[in-house]
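# Notes for the structure review
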Amino acid sequence: DAGVIQSPRHEVTEMGQEVTLRCKPISGHNSLFWYRQTMMRGLELLIYFNNNVPIDDSGMPEDRFSAKMPNASFSTLKIQPSEPRDSAVYFCASSLMGGGNQPQHFGDGTRLSIL
Amino acid sequence: GNSVTQMEGPVTLSEEAFLTINCTYTATGYPSLFWYVQYPGEGLQLLLKATKADDKGSNKGFEATYRKETTSFHLEKGSVQVSDSAVYFCALDQRNDMRFGAGTRLTVKP
């Protein structure tokens, strides 16, 4: 079975550039989550969607970050303009929405480096 | 709000040693509890879960029991292997509000 697919696996770009991270959730899953992981702050939830609708974006650090889910099989996380402090590993996860006992399935992450 | 507190690492053990990683939680009601494992360069993977009090989750020799009276979900393994070296995350989920602990890095030496 295909898991959560993220692309690219690695991204290196200069500050000020726009960065777009992509995620394909597991087919049939109706919840999608974006996380950021750093050594200093650990794993942080940025935003999550239920049935393609953003439910909680309180973790999005600032207006430079935006996320969309145009359909059930695709989501993007965009940073514009990017800054060196955005360097981190970004994970996408999906799950079945169902009363809180459904595990999340994670992709392998995008390692982002902003120079 | 809901939260998870887990034992700070890093933890270093010799092969075949006994492992305990403590996890306690704060929540209203009855959350589901999870342990996830993250190997280098990979995303988190579900290790085990428990959905109600006194349930025991188990997988790959790891176990954790949902203790409502102590609001705990400690992870244990009787004999660790080098391949268990990873970062372990305790988590709770209540009505799709998932909270993760800070993670505990385990290194097992041969």
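Look above for the structure.
Quantities reported herein were computed from a predicted structural model and do not represent experimental measurements.

### With respect to the overall build of chain A
- Helices and strands together make up the secondary structure of chain A, namely zero helices and 11 strands.
- For chain A, the sequential pattern of α-helices and β-strands runs β-β-β-β-β-β-β-β-β-β-β.
- Its C-alpha atoms give chain A a radius of gyration of 13 Å, within 12% of the compact-globule value 13 Å for 115 residues.
- Summarising its shape, the C-alpha atoms of chain A cover approximately 40 × 30 × 30 Å along the three principal directions.
- Relative to its full complement of 115 residues, chain A shows a buried share of 46%.

### Things to note about the side chain of Gln6(B)
Residue and element names in this part refer to chain B.
- Positionally, Gln6 belongs in strand S1 (residues 3-6).
- When its relative accessible area of 9% is taken as the criterion, Gln6 is described as buried.
- Looking at Gln6, its side chain comes within polar contact range of the main-chain oxygen of Tyr88, at 2.8 Å.
- For Gln6, the side chain forms a polar contact with the side chain of Thr104, separated by 2.9 Å.
- In this view, Gln6 contacts Ile21, Asn22, Cys23, Trp35, Tyr88, Phe89, Cys90, Gly101, Ala102, Gly103 and Thr104; residues no more than four positions away in its chain are not counted.

### A word on the interface of chain A and chain B
- Between chain A and chain B, the residue contacts involve 20 residues of the former and 17 residues of the latter.
- Joining chain A to chain B, the criterion identifies three residue pairs in polar contact (both at pLDDT 80 or more).
- Those elements giving two or more residues to the side of chain A that touches chain B turn out to be strand S4 (31-38) and strand S5 (42-50) of chain A.
- Looking at side-chain class alone, the side of chain A that touches chain B contains eight nonpolar, 10 polar and two charged residues.

### Brief notes about the state of the cysteines
- Under the counting rule described, the total for this entry stands at two disulfides over all chains.
- Sulfur-sulfur distance for the disulfide between Cys23(A) and Cys92(A) comes to 1.9 Å. Linking Cys23(A) and Cys92(A), the disulfide has an S-S dihedral of approximately -70° and is accordingly described as left-handed. You can see Cys23(A) sitting in strand S3 (residues 19-24) and its partner Cys92(A) sitting in strand S9 (residues 88-95), a full 69 residues away along the chain.
- Overall, the relative accessible area of 1% leaves Cys23(A) in the buried class.
- One disulfide in the model links Cys23(B) with Cys90(B); its S-S distance is 1.9 Å. In this structure the cystine formed by Cys23(B) and Cys90(B) twists about its S-S bond by roughly -70°; its chirality is therefore left-handed. You can see Cys23(B) sitting in strand S4 (residues 23-26) and its partner Cys90(B) sitting in strand S10 (residues 86-94), a full 67 residues away along the chain. In this pair, the class of Cys23(B) matches that of Cys90(B), namely buried.

### So, the sheet that holds strand S8 (residues 62-65) of chain B
Residue and element names in this part refer to chain B.
- Sheet architecture is open: four strands sit in the order S3-S9-S8-S7, paired in antiparallel fashion. Of all strands in the sheet, those bounded by a partner on one side alone are strand S3 (19-21) and strand S7 (56-59). Sheet twist, expressed as the average angle between the axes of neighbouring strands with direction ignored, equals 15°.
- Where S8 lies against strand S9 (residues 75-77), three bridges are found, and the strand directions are antiparallel. From the neighbouring strand, Phe62 faces S9, where its bridge partner is Lys77.

### Considering the nonpolar core
- In terms of nonpolar packing, the biggest core is built from 25 residues, with Trp35(B), Leu47(B), Leu48(B), Phe73(B), Leu75(B) and Tyr88(B) touching the most fellow members.
- One finds Val4(A), Leu32(A), Trp34(A) and Ile114(A) within the second-largest nonpolar core, a separate group that totals 21 residues.

### With respect to the side chain of Arg36(A)
Residue and element names in this part refer to chain A.
- With respect to the element layout, Arg36 can be found in strand S4.
- For Arg36, a relative accessible area of 9% corresponds to the buried category.
- Once residues within four sequence positions are removed from consideration, Arg36 is found in contact with Arg41, Gly42, Leu43, Glu44, Leu46, Pro61, Phe65, Asp86, Ala88, Val89 and Tyr90.

Calculation criteria
Residues numbered from 1 in each chain as written. Chains lettered and ligands numbered in written order. Predicted model: local features only at pLDDT ≥ 70, side-chain atom pairs only at ≥ 80, totals over all residues. Heavy atoms only, no water. Helix = DSSP H or I, 4+ residues; strand = E, 2+ residues; numbered from the N terminus. Rg over C-alpha atoms; globule rule 2.2 N^0.38 Å. Buried < 20%, exposed > 50% of the residue type's maximum accessible area, 1.4 Å probe, protein only. Polar contact = N/O pair within 3.5 Å; in protein donor to acceptor, adjacent residues only side chain to side chain. Contact = heavy atoms within 4.5 Å. Nonpolar A, V, L, I, M, F, W, Y, C, P; charged D, E, K, R; others polar. Disulfide = S-S within 2.5 Å. Pairing = 2+ DSSP bridges. Axes fitted to C-alpha atoms, helices over the stretch in contact; angles between N-to-C directions. Core = buried A, V, L, I, M, F, W, Y, C linked by side-chain atoms within 4.5 Å.

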